[in-house]
Amino acid sequence: MSVWDEVVGQEAAVARFRRAASPEGTLAQAWLITGPPGSGRSTAARAFAATLECENDPPVGCGRCRACVTVLAGTHPDVTVVATDKLSISKDEVRSLVLTAQRSPATGRHRVIIVEDADRMSAGTFNVLLKSIEEPPPLTVWMLCAPSAEDLAPTIRSRCHVVTLTIPPAETVAELLVRRDGVDPEVAGRSARAAQGHIGLALRYATQPGALEGRERAARTLLSLRGAGAAVLAAQALVDQATSEAKEHADEVSAAERERFLRSAGIEDEKVPPALRAQYRQLEEDAKRRQTRLVRDVLDRYLLDAHSVLRDVLTLQLDSGSALVNPGVHDALEEAAATSEAGDSLRLLDAVGTARARIAGNVPPLLALEALLAQVAVSRR
Ligand SMILES: [Zn+2]
């Protein structure tokens, strides 16, 4: 057993982390862990932190000692994890992190600060962080996680040791689901293929009733789309679905946050005294930003699914023999492949990329999706 058991398909990266934590290695004090969504950036960062704090001599990340267990559970006093489900990390949050980074470890060997979505900082916020990353106290280690190194300001990036995670192969993800979560091997295989290496998504497909079926239904809708009117309706349906999916989760988080705030301020009747009203309003603001962000995340997932469907169509058109990501809708894929050209599929794959970029760049999602689906609808003969 080891803290690295859940970091699957990342042998090269794991070897680097282990070496850095070993007595023979040299430990850099600022790390940038990059990799596509679902590749396990924050899991890797936590395992690395646990290895640094492990009570064995030398520290190995045994997964059993108190330090290993508490780091993985998120309760180790010297390891701070910042995860944001909002659109951005605020300057104040980073200032408080910088203060934490200045303190020596209370019980462990190091003080570790993990920032899960380091790409969600503005340029001004990066500057607040910069000095602490440049000259951290001797026992402090920063671990920033982001999709790619380009997501961070060059000034920060150049001071970090960059470790890049890759998309784990579907078989490796399937094995993890079987071993860790007790998923049936056949279901694990289907889910891992559909999730295209995204570990969290694979788990969702494998364990949430109807999730895989919903994905296949969406694939069929995409493949049978004909006419501009249908495209407009389908775009609206997708946005509605993403909004309700996001709202459900966002409401849960917000209610819990409000309750925590009221409780910690000792307020029982929801009458917030004037001195605390600004803070309370801030919670409402946060909630709005969180929901916006979640809707975009859900839509991005839909678009990645659409991309995989269109790529399957192209695979059939080129007769390349690669494995299909969506074998469950083979019949609909065959039909789409027969009624359009490979050139159409390539253009549509580009269009999916454009739609993702536009949504990430604040274009109203409905507009971006209408444009994409209209292109899909007219491409079929
Ligand atoms: Zn340990």
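Note that the structure is predicted; figures quoted are calculated from it, not measured. (Residues numbered from 1 in each chain as written. Predicted model: local features only at pLDDT ≥ 70, side-chain atom pairs only at ≥ 80, totals over all residues. Heavy atoms only, no water.)

Draft legend 1. Region of interest: the coordination of the zinc ion. Coordination sphere of the zinc ion, protein contribution only: Cys54 (SG), Cys62 (SG), Cys65 (SG) and Cys68 (SG), at 2.3 to 2.4 Å. Taken together, the 4 donor atoms coordinating the zinc ion span angles of 105 to 115° at the metal, a pattern that classifies the geometry as tetrahedral. Here the donor residues of the zinc ion share one chain and are spaced in sequence as C-x7-C-x2-C-x2-C. With respect to burial, Cys62 and Cys68 carry one shared label: buried. (Donors = N, O, S within 2.8 Å, 3.2 Å for Na, K, Ca; no water. Tetrahedral: all angles 85-135°; square planar, octahedral: opposite > 155°, others 65-115°. Buried < 20%, exposed > 50% of the residue type's maximum accessible area, 1.4 Å probe, protein only.)

Draft legend 2. Molecular detail of helix 10 (residues 211–223). If you check helix 10, its first and last C-alpha atoms are 19 Å apart, about what 13 residues at 1.5 Å a residue would give, namely 18 Å. When we look at burial in helix 10, the residues that qualify are Ala211, Leu212, Arg215, Ala219, Leu222 and Leu223. Buried residues of helix 10, seen end-on, are gathered within an arc of 115° and therefore sit on one face of the element. The inward-facing, buried residues of helix 10 abut helix 8 (185–195), helix 9 (199–207), helix 12 (274–318), helix 13 (330–338) and helix 15 (365–379). (Helix = DSSP H or I, 4+ residues; strand = E, 2+ residues; numbered from the N terminus. Expected span 1.5 Å × (residues − 1). Arc of directions from axis to C-beta. Contact = heavy atoms within 4.5 Å.)

Draft legend 3. Geometry of unusual backbone geometry. That bond from Asp57 to Pro58 is cis: its omega, 0°, falls within 30 degrees of zero. Inspection of the secondary structure puts Pro58 in the loop between helix 2 (41–53) and helix 3 (66–73). A positive phi is found at Asp319, a non-glycine position, where the angle reads about 55°. Within the secondary structure layout, Asp319 lies in the loop between helix 12 and helix 13.

Draft legend 4. Focus on the packing of helix 10 against helix 12. Where helix 10 meets helix 12, the axes come as close as 10 Å, and the angle between the chain directions of the two elements is 60°. What the angle tells us is that helix 10 and helix 12 run oblique. Both helix 10 and helix 12 take part in a crossing whose hand is right-handed. The residues of helix 12 that touch helix 10, namely those facing Arg215, Ala219, Leu222 and Leu223, are Asp305, Ala306, Ser308, Val309, Leu310 and Val313. Split by residue class, the contact of helix 10 with helix 12 holds 7 nonpolar, 1 polar and 2 charged. (Axes fitted to C-alpha atoms, helices over the stretch in contact; angles between N-to-C directions. Parallel < 35°, antiparallel > 145°, perpendicular 65-115°, else oblique. Left-handed = near helix turned anticlockwise from the far one by under 90°. Nonpolar A, V, L, I, M, F, W, Y, C, P; charged D, E, K, R; others polar.)

Draft legend 5. Fine view of the environment of Thr315. Along the chain, Thr315 falls in helix 12. Its relative accessible area of 12% is what places Thr315 among the buried residues. Separated by 66 residues in the primary sequence, Thr315 and Arg381 have C-alpha atoms spaced 19 Å apart. When near neighbours in sequence (up to four residues on either side) are disregarded, Thr315 contacts Ser320, Ser322 and Leu324.

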